[in-house]
Amino acid sequence: MNRPGGQPRTFTRYVAIGDSFTEGMSDSDPDHVNRYVGWADRLAAHLARLAREEDHVFGYANLAVRGRLLDDIVGAQLENAITLEPDLVSIVGGGNDILRPRADIDALA
């Protein structure tokens, strides 16, 4: 999202919600053995650098939990995220839902 004049917006409060994919489970940190850093953490680090360049304080919370289903992600996780008053929220989920034997893909979409 750009500001008037075409300048990119600087985000200062980012919250990630979702399942293990967003939590960062099994995303090896290439710089540290036996340490994990997921895509949301990497994005947060990038956004924090951009915020610092403009002398902004940056806040980040990753509320994602492995095994969570969409009902929880768009329910309790989203409600908790909103209370943090973010200016950016990411949501990735649904993988656990579609693994269920009687998953209704159309309803999930």
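Whatever comes next refers back to the structure up there.
Computed from a prediction, not measured in an experiment: that's the story for all the values here.

Caption draft 1: The arrangement of the overall build of the chain in detail. Across its full length, the chain carries five helices and three strands. Secondary structure elements of the chain, listed N to C terminal, follow the sequence β-α-α-β-α-β-α-α. When burial is assessed residue by residue, the chain has 26% of its 109 residues classed as buried. A sequence separation of at least 24 residues applies to 65% of the contacts in the chain between residues at least 6 apart. Carbon together with sulfur atoms contributes 53% to the accessible area of the chain, which is approximately 7,400 Å² in total.

Caption draft 2: Structural view of the side chain of Ser90. Here Ser90 shows up in strand E3 (residues 88–92). Judged by its relative accessible area of 13%, Ser90 is buried. Setting aside anything within four residues of it in sequence, one finds Ser90 in contact with Tyr14, Val15, Ala16, Ile17 and Trp39.

Caption draft 3: Geometry of the pattern of salt bridges. Scanning the entire structure with this criterion turns up four salt bridges. With its nearest N and O atoms 2.8 Å apart, the salt bridge here joins Glu23 to Arg66. In this pair, Glu23 sits in helix H1 (residues 20–23) while Arg66 sits in the loop between strand E2 (59–62) and helix H3 (70–83), placing the two residues 43 residues apart along the sequence. With relative accessibility at 24%, the residue Glu23 sits in the partly exposed group. The class for Arg66 is partly exposed, based on a relative accessible area of 46%. A salt bridge links Asp29 to Arg35; the nearest nitrogen and oxygen atoms lie 3.8 Å apart.

Caption draft 4: Representation of helix H2 (residues 39–53). Between its terminal C-alpha atoms H2 stretches 21 Å, which fits the 21 Å expected from 15 residues at 1.5 Å a residue. Of all the residues in H2, the buried ones are Ala40, Ala44, Leu47, Ala48 and Ala51. The buried residues of H2 all sit within an arc of 110° when viewed along its axis, so they share a single face. Each element contacted by the buried residues of H2 is listed here: strand E1 (13–18), H1, E2 and E3. Downstream of H2 by a residue or two, Asp55 has a phi angle that is positive, lying close to 60°.

Caption draft 5: Region of the structure containing unusual backbone geometry. In this structure, Asp55 is a non-glycine residue whose phi angle is positive, near 60°. Note that Asp55 resides in the loop between H2 and E2. A positive phi angle, near 55°, is found at Glu85, a position not held by glycine. Counting through the fold element by element, Glu85 comes out in the loop between H3 and E3. The exposure class assigned to Glu85 is exposed, which follows from its relative accessible area of 62%.

Rules behind the numbers
- Residues numbered from 1 in each chain as written.
- Predicted model: local features only at pLDDT ≥ 70, side-chain atom pairs only at ≥ 80, totals over all residues.
- Heavy atoms only, no water.
- Helix = DSSP H or I, 4+ residues; strand = E, 2+ residues; numbered from the N terminus.
- Buried < 20%, exposed > 50% of the residue type's maximum accessible area, 1.4 Å probe, protein only.
- Contact = heavy atoms within 4.5 Å.
- Areas by Shrake-Rupley, 256 points an atom, 1.4 Å probe, with all protein chains shown as cover.
- Salt bridge = Lys/Arg side-chain N within 4 Å of Asp/Glu carboxyl O.
- Expected span 1.5 Å × (residues − 1).
- Arc of directions from axis to C-beta.

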